[in-house]
Amino acid sequence: MQNTITNSFKHKPSSEKFGNLVLLQQIEKQLKQIFTDDMNSSAPIFLKVSDRAVHKAALFLSGCNTRPCSIGIAGETASGKSTIAYDIIDTLEAFADEYKIFDLITRINTDDYYYDRSDMVKAAGSFAEFAKHYDLDIPEALELELMKKHIKSLLDGNEVYLPEYDMSGTAIRRDDVKLATPSKIIISEGLFTLTPKVVDAFDFKIYVHVSQEAQKERFYRRAEERGLGSSMDEVYNNAASKAKIYIHPTAESADIILSGEAERTAYKAFVNKVLDMVKEVHCDKILMYS
């Protein structure tokens, strides 16, 4: 990690290097306290935070590491990962708007990388019948290699045209339809975001944990909205069994484990707390070295 800091500083004046090192230490200390306070609260949103994740976050937030960063969020179906990702994005975009920060964040939806199986849906007569015979709950149902390629390209500063998968029950995937521009943060969420084919594309690996009771209730509500009909039980049982094989083990590679059952306002409040801390320490730095 010292090499990372050294490489980031090699073209900077000595006074700026020292200032950034002081800032790094200050941010890392405050981040640790923020995480600790949450985990010791009566309703924590963080169940695990590694020291590595805290240090790496401090590197980015202090400006010691100036390249874009990538965040991967995984969890089983109906765990709350999409909602959490949206809340993080909304909070960061509001911050970017306020401070006129351009190209702050780009979202990549893992679900958009499902292979097109529209012909199979038509042949089966309905998505419900298709779902009985085609397994959507394994990593091989998605083109994760393409997703990794797109993330790496964005991190290298290139524009990318992303695919878009129709979740309404057609199993249609349209390729090269959504323009994604390079940004400071690339964030992606999905069932298989932390599986082996794509996990090393992410700087920060987040797993969302949810109780079986909450997850099951959410799943059946969503299944009704998607018209799964009589296949709901079979689809749920398959998803649950495959999650044990493919999704639950990815929690072991996660730097951070989040609760998927916290109040939505809690995720936004946490992000804002970190942003407030960063604004404060960067303001102090500007005053000190101006």
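The structure presented is a predicted model; accordingly, all values stated were derived computationally and were not measured. (Residues numbered from 1 in each chain as written. Predicted model: local features only at pLDDT ≥ 70, side-chain atom pairs only at ≥ 80, totals over all residues. Heavy atoms only, no water.)

**Some points on the sheet that holds strand 2 (residues 69-74)**
Link 1 in the chain: The sheet built from 6 strands is open, its strands ordered 1-8-7-2-6-3 with mixed pairing. Two strands lie at the open edges of the sheet, namely strand 1 (46-49) and strand 3 (105-109), each paired on one side alone. Going across the sheet, the axis of each strand differs from the next one's by a mean of 20 degrees, ignoring polarity.
Link 2 in the chain: Along the sheet, helix 4 (residues 81-98) contacts strand 2, strand 3, strand 6 (185-190), strand 7 (204-209) and strand 8 (256-259); its crossing angle with strand 6, the most-contacted strand, is approximately 160 degrees. (Pairing = 2+ DSSP bridges. Helix = DSSP H or I, 4+ residues; strand = E, 2+ residues; numbered from the N terminus. Axes fitted to C-alpha atoms, helices over the stretch in contact; angles between N-to-C directions. Contact = heavy atoms within 4.5 Å.)

**With respect to the pattern of salt bridges**
Link 1 in the chain: Under the defined criterion, the tally for this structure stands at 13 salt bridges.
Link 2 in the chain: For Asp 200, the salt bridge goes to Lys 148, with nearest N and O atoms at 2.8 Å. Of this pair, Asp 200 sits in the loop between strand 6 and strand 7 while Lys 148 sits in helix 7 (residues 144-155), and the two are 52 residues apart along the sequence.
Link 3 in the chain: In the salt-bridge network here, residues are joined through shared partners; they are Glu 143, Arg 173 and Asp 175. (Salt bridge = Lys/Arg side-chain N within 4 Å of Asp/Glu carboxyl O.)

**Observations concerning the packing of helix 8 (residues 212-225) against helix 9 (residues 232-247)**
Link 1 in the chain: Put simply, helix 8 and helix 9 touch, their axes get as near as 11 Å, and they point 140 degrees apart. The pairing of helix 8 with helix 9 is recorded here as oblique in orientation. In the packing of helix 8 onto helix 9, the handedness of the crossing is right-handed. When helix 8 is examined against helix 9, the residues Gln 212, Gln 215, Lys 216, Phe 219, Tyr 220, Ala 223 and Glu 224 are found in contact with a partner set consisting of Met 232, Asp 233, Val 235 and Tyr 236.
Link 2 in the chain: Of the residues assigned to the contact of helix 8 with helix 9, the class counts are 6 nonpolar, 2 polar and 3 charged. (Parallel < 35°, antiparallel > 145°, perpendicular 65-115°, else oblique. Left-handed = near helix turned anticlockwise from the far one by under 90°. Nonpolar A, V, L, I, M, F, W, Y, C, P; charged D, E, K, R; others polar.)

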